[in-house]
Amino acid sequence: MKDESEVKLWRSAYRALNTLTARALAGNELAATMLHNLSHRSVRGFLHVAKKRPEVLRPSTRNAVTIPAFISPNAQFVQKPSEIMECLHVGSNIGLKPGKKNWSLETGATKYAMEIYKLITEERIAGGGDDDIVKVCAALKDFNTRSVRRWFAVGRKFHLDKIPNLEDRDEWKSVTRYHPKPKSRRAYIYQKIEEALIRMASSSSSPEAS
């Protein structure tokens, strides 16, 4: 059971970062500076925990495709990302293997499948809220071949169905050229995204996937 104080703290920080991002995009230089400062501090904190207590991060990073890290013109300020990823087992539960060829993010279907995965994973971390999506995501089983279709159904309801004119986007033209009707094109796109999500689940190393 999640500690409610930690969830509240996470929500507060999440809202604050979203607000600073919005204000920076609106041209507020102070908000942009604060966003940079907080991002730097949070990444520094993350990397410190990764070094001292990697085991407490692994339940999260095993299900992640990215982790925060620093980039700099000066090499002495940058840790080797391969070492951090190996230490934290990044993406191991969804089939990412360091140094090996993994499923590609180049296809539109996989990009949207990843958006669904990240959306649901994030909402599950924030479980316990009153929003419908939080409740639904919190009730989902861990991501694997047995739960993947339910993950897709939730992602479709809370993400894909809300994207206007998805079937008319340029990225899908080569995929849907044989489907003249918009409804048919959208259904075919959904099929491809679900297949991509299933591929991700099939390559999962999660014990529940067997």
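A few points on the structure.

Reading guide: rules and limits
- Residues numbered from 1 in each chain as written.
- Predicted model: local features only at pLDDT ≥ 70, side-chain atom pairs only at ≥ 80, totals over all residues.
- Heavy atoms only, no water.
- Axes fitted to C-alpha atoms, helices over the stretch in contact; angles between N-to-C directions.
- Helix = DSSP H or I, 4+ residues; strand = E, 2+ residues; numbered from the N terminus.
- Parallel < 35°, antiparallel > 145°, perpendicular 65-115°, else oblique.
- Left-handed = near helix turned anticlockwise from the far one by under 90°.
- Contact = heavy atoms within 4.5 Å.
- Salt bridge = Lys/Arg side-chain N within 4 Å of Asp/Glu carboxyl O.
- Buried < 20%, exposed > 50% of the residue type's maximum accessible area, 1.4 Å probe, protein only.
- Arc of directions from axis to C-beta.
- Core = buried A, V, L, I, M, F, W, Y, C linked by side-chain atoms within 4.5 Å.
- Phe/Tyr/Trp six-rings, centres within 6.5 Å; stacked < 30°, edge-to-face > 60°.
- Expected span 1.5 Å × (residues − 1).

### As for the packing of helix α1 (residues 4-25) against helix α2 (residues 29-52)
Look at α1 against α2: their axes get within 8 Å of each other, and the N-to-C directions meet at 140 degrees. Put simply, α1 runs oblique to α2. α1 and α2 meet at a crossing whose hand is left-handed. For the pair formed by α1 and α2, the contact residues are L17, L20, T21, R23 and A24 on the first element and A31, A32, M34, L35 and L38 on the second.

### Comments concerning the pattern of salt bridges
Opposite charge on two side chains lets them pair, provided their charged atoms get close. Under the criterion given, the structure shown has seven salt bridges. Of the charged contacts, one joins E167 and R186 as a salt bridge, the two residues approaching to 2.7 Å between their closest N and O atoms. With E167 in the loop between α7 (148-158) and α8 (182-202) and R186 in helix α8, this residue pair connects regions lying 19 residues apart in the sequence. Residues E167 and R186 agree in their burial class; the two are buried.

### Side note on α7
Among the residues of α7, those classed as buried are V148, W151, F152, V154, G155 and F158. The arc that holds every buried residue of α7, seen down its axis, measures 165 degrees, which confines them to one face. Across α7 from its buried face, at more than 90 degrees, point the exposed residues R149 and K157. Turning to α7, the residues buried within the fold contact α5 (108-125), α6 (132-138) and α8.

### Here we look at the environment of A113
Within the fold, A113 resides in helix α5. Put simply, A113 and L197 are 84 residues apart on the chain and 5.2 Å apart in space, counted from C-alpha to C-alpha. Setting aside residues no more than four positions away along its own chain, A113 makes contact with I193, A196, L197 and M200.

### Description of the nonpolar core
If you look at the biggest cluster of nonpolar residues, it comprises 28 residues, and the most contacted ones within it are F143, L160, I193 and L197. Leave out the neighbours within four places in its chain, and I193 touches A109, Y112, A113, I116, F152, L160 and W172. Counting nine residues, the second-largest nonpolar core is a separate cluster that includes V43, A50, L57 and V90.

### Side note on the packing of aromatic side chains
Under the defined criterion, the tally for this structure stands at six aromatic pairs. Relative to W172, the ring of Y112 has its centre 5.5 Å away and its plane inclined at 40 degrees; by these criteria the two rings are tilted. Of the two residues, Y112 is situated in helix α5 and W172 in the loop between α7 and α8; the sequence distance between them amounts to 60 residues. Per residue, the accessibility class of Y112 equals that of W172, and both read buried. With centroids separated by 6.4 Å and ring planes inclined at 75 degrees, the aromatic side chains of F152 and Y190 adopt a geometry described as edge-to-face.

### What to know about α8
For α8, spanning 21 residues, the distance from its first C-alpha to its last is 30 Å, which sits close to the expected 30 Å at 1.5 Å a residue. Among all positions of α8, only R185, R186, I189, Y190, I193, E194, A196, L197, M200 and A201 are buried. Buried residues in α8 make contact with α5 and α7.

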